[in-house]
Amino acid sequence: MPSADQDELWLAIKQISQSSSDSDYIEHLVPVMKDPRYSNQLMQAFSQFASDRDREIERICNANHQEFVSSVNQLLQVREGTVQMTTQILELNESIQESIQKLAAQKKALVDSRSVRQNVNEADQALNACLNVLRLANQVVDLLKEKNHYAALRALDELQTIHLKEVSRYKIAELIERSVPATQKMIAEAVMADLNTWLYRIRETSQFLGEFAFYYTEDVRRTRNRERGETDERFAKFKLNSAMELVADEMDEFDILNNEEADLEVDFTPLFEAMHIHETLGKSDSFRTTYAATRRTQKDLLIPQQLNLLDEDGSDLSSLLESIAGFGIVEKATMAKTDNFRQLSDVDELWDSMCQSAVALISKNLSLVNNDERLLRIKGQIALFMLTMEKWGYSVSAMNDLLLTLFEKYSELLKARFSEDFLEIVNTDDYMPMPINSIEEYDKVVTVSWYSPDKERDQLTFPCVLPFSQMYPLCCIDIRNFLNQIYLFSDDYFQRSTVIDETLRESLDELLCDKVCKSLVERLASQYPGQIVQILTNLEHFETACTELQDLLFQARSSPSATGPIILQATEEFKTAKKTASDRIFELVNSKIDDLIETAEYDWMASKANSEPSNYMQELTRYLSNIMNSVLLALPTDIKEFIYFDALSHASTAILDLTLDDSVKRITPAAVQSLAKDTAFLSSFVESLNNPILMENLDELTQTIALMGTENSDEFFDVAQRNRKYGKVDSMKGAILIEKVSEGAAVAAQSPTKPSASDRFGTLGSRFGIR
């Protein structure tokens, strides 16, 4: 092995021996130990190192041997001194034991004296503690007598939780502990007695509280809201309890429960004290249940057994509603001032029960009310109640149903009252054009009536007459009053605006159709054409009024969600009645025409024609002229012309029917000539009216008479010739009349006084333009 390697191994072994940790250099020897070339050298190096260490130890021991022997001698001397000191200590211990025995005797005497003194002190402390407990117990009783319930309960609690523990080992503690529940019960009963007194006062105050709440709603809030609308028109459309009204009044610090103006103060201290005491006693749930039962009992006492709705001032209903309102306000205030004491569901249940009882009581007595004005006052009281309580967050849906019932009865009473008025107006009318004596009277009539005058106001001269009779403006006044009365119900508080619109439409239809229109139609049975003409004129104006009324109802419609026009059945009823009246006029005129034509005395077998028109024809034209210029003068032009047109048509047909009568077998040319003269007279009269349309009514008559007087009757059987000359003549009637005239001419030809054909028909042909 080279010397360099041995030096390294030696150095490593030396460092290992000097190191504090075996692992510092062992990792360097691991590779060498695993190498077979160094294993022998490593063992030799360790052996040599061990031999060197042994020699060094031996050298050190040889050098210090004398010092070691000296140390052993010193140790022996120390041991001897220790034995001596042990003997002295034992002697000292015996002396101390004697002193301790004397001290123990003295201490025992001191302890005995202190024990006696401690017993005396403890007795004194126990006596004071018991006296303090008795003092607190008496203080609880005194506080209870002074109605200082909470202080008494606090003193009792302090006595039980603190002071009784201090004297728990004495008999007095047990006695007082047993009396604590009884004392607590006395406190609870005293608190409940005070609370019941408070509840009684609250019940007595409820009506005044509700009365003042109604006053604030009616005289303060409503006035303020109206003035706000007058100042700013944007607020005019917002009603009470709307979002805008609530926002505008949010700075209002009105406190109804503590109001100096009304000398009204509702103090909740007794309730708070009772709540706190029962909470302290751990009986909050029981107290809450008892309080709820008491309020339910008080609620039942608010509703009377009987209710008088017929008193003039409505005091019974006011008292009922005011009491319910005050009760509800106290309940809401209790919820606001306490925490989870009154549940919203319980308060709402009480409210619903009171409302249902009130509704049932009012509905029960409502049948006795038969005056619409009193019913409107009842509605006003209920609406004020609803407005007030809705502000306090109560639901008034039950009252909405009651208002609907009130409105139905109200509308029925109004309808009954106005039905009587309409019938009286219709039955007492004179059915003459309405005379007007002054401009003031004229303005009044025009203002209330739906009437558009033909002349301007400054062009009128008085006295004058209006086309309708007095019944029309009187009915218009009643219609407007009925509208106003119905809408009065919705001015304050009524959510069923659609019901109002529909009821108003149905009621107006019933009044106008059944009480006005039918009554006028029944009067058409009159035999006086003048009266029927006036009825027709009135019907014309009523139809116009219904049209205007439809527009008015549409504009005044309460429901914003309603769409489409408002159609009154009365409009069509009056239109139909106009047709009935026109037919009645036609019937009377035609009946008169028939009566006049029945007086015609034609000699169908005459041998000589009349030189003058027949008397009946003169009477007929005179009648038609008179009725047009007098009786029918007030009618509208179109109706008047239509009546005239029908009358002439009927007259023409009736005259032709004379010739077609089965009893007339033959007609001589002279009779035809007389008939032609009468027809020419009638045509001349109609022509003087300057109305070509009326002349067309006589075409059939004139063409038929011309056919009867023609010499060439074969033209009638030629379609082309017939259409040109006799287009209005009925083919069957024309053939029958030709045959009758032919047979009459044959009979007349046998007569010695028979006129020539040219003499018979010359004048007739020239008059009708037939050649």
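Scroll up a little and you will see the structure.
Residues numbered from 1 in each chain as written. Predicted model: local features only at pLDDT ≥ 70, side-chain atom pairs only at ≥ 80, totals over all residues. Heavy atoms only, no water.

Draft legend 1. Up close: the packing of aromatic side chains. The tally for this structure, following the rule as stated, stands at 20 aromatic pairs. On the basis of an interplanar angle of 50 degrees and a centroid distance of 4.9 Å, the ring pair of phenylalanine 468 and tyrosine 472 is categorised as tilted. Members of the aromatic cluster, connected to one another through ring pairs, are Tyr451, Phe468, Tyr472, Phe542 and Phe574. Across the ring face of phenylalanine 716, the terminal group of arginine 722 is positioned such that the distance to the ring centre comes to 5.3 Å. (Phe/Tyr/Trp six-rings, centres within 6.5 Å; stacked < 30°, edge-to-face > 60°. Lys NZ or Arg CZ within 6 Å of the ring centre and 35° of its normal.)

Draft legend 2. The nonpolar core, seen in detail. Within the largest apolar cluster, 160 residues are counted, with the highest numbers of intra-cluster contacts made by Ile382, Phe385 and Met399. Setting aside residues up to four positions removed in sequence, isoleucine 382 forms contacts with Leu321, Ile362, Met399, Leu402, Leu403 and Leu406. Counting 5 residues, the second-largest nonpolar core is a separate cluster that includes Leu707, Phe716, Val729 and Ile738. (Core = buried A, V, L, I, M, F, W, Y, C linked by side-chain atoms within 4.5 Å. Buried < 20%, exposed > 50% of the residue type's maximum accessible area, 1.4 Å probe, protein only. Contact = heavy atoms within 4.5 Å.)

Draft legend 3. Just the environment of proline 435, in detail. With respect to the helices and strands, the residue proline 435 is situated in strand β3 (residues 434-436). By relative accessible area, proline 435 is classed as partly exposed at 48%. The spatial distance from the C-alpha of proline 435 to the C-alpha of proline 463 is 7.0 Å, given a sequence separation of 28 residues. Not counting residues within four places of it along the chain, the set of residues in contact with proline 435 comprises Glu441, Cys464 and Val465. (Helix = DSSP H or I, 4+ residues; strand = E, 2+ residues; numbered from the N terminus.)

Draft legend 4. Local environment of the state of the cysteines. By the definition in use, this model includes 0 disulfides. Cysteine 513 provides the cysteine sulfur closest to cysteine 546, a residue in no disulfide bond, and the two sulfurs are 7.5 Å apart. With relative accessibility at 2%, the residue cysteine 546 sits in the buried group. (Disulfide = S-S within 2.5 Å.)

Draft legend 5. Local environment of helix α11 (residues 344-366). A rise of 1.5 Å per residue sets the reference length of α11, with its 23 residues, at 33 Å; its end C-alpha atoms lie 32 Å apart and thus fit the reference within 8%. Within α11 the residues assigned to the buried category are Val347, Leu350, Trp351, Met354, Cys355, Ala358, Val359, Leu361, Ile362, Asn365 and Leu366. Where the residues of α11 are buried, they touch α9 (284-302), α10 (315-337), α12 (372-391) and α13 (397-428). (Expected span 1.5 Å × (residues − 1).)

Draft legend 6. Spotlight on the packing of α9 against α10. Between α9 and α10, the least distance of the axes is 10 Å, while the angle of their chain directions is 165 degrees. Taken together, the axes of α9 and α10 are roughly antiparallel relative to one another. Helix-helix and strand crossings are classified by hand; for α9 and α10 the assignment is left-handed. Counted together, Tyr291, Arg295, Gln298, Lys299 and Leu302 of α9 and Leu320, Ser323, Ile324, Phe327, Val330, Glu331 and Thr334 of α10 form the full contact between these two elements. Class assignment of the residues belonging to the contact of α9 with α10 gives a composition of 6 nonpolar, 3 polar and 3 charged. (Axes fitted to C-alpha atoms, helices over the stretch in contact; angles between N-to-C directions. Parallel < 35°, antiparallel > 145°, perpendicular 65-115°, else oblique. Left-handed = near helix turned anticlockwise from the far one by under 90°. Nonpolar A, V, L, I, M, F, W, Y, C, P; charged D, E, K, R; others polar.)

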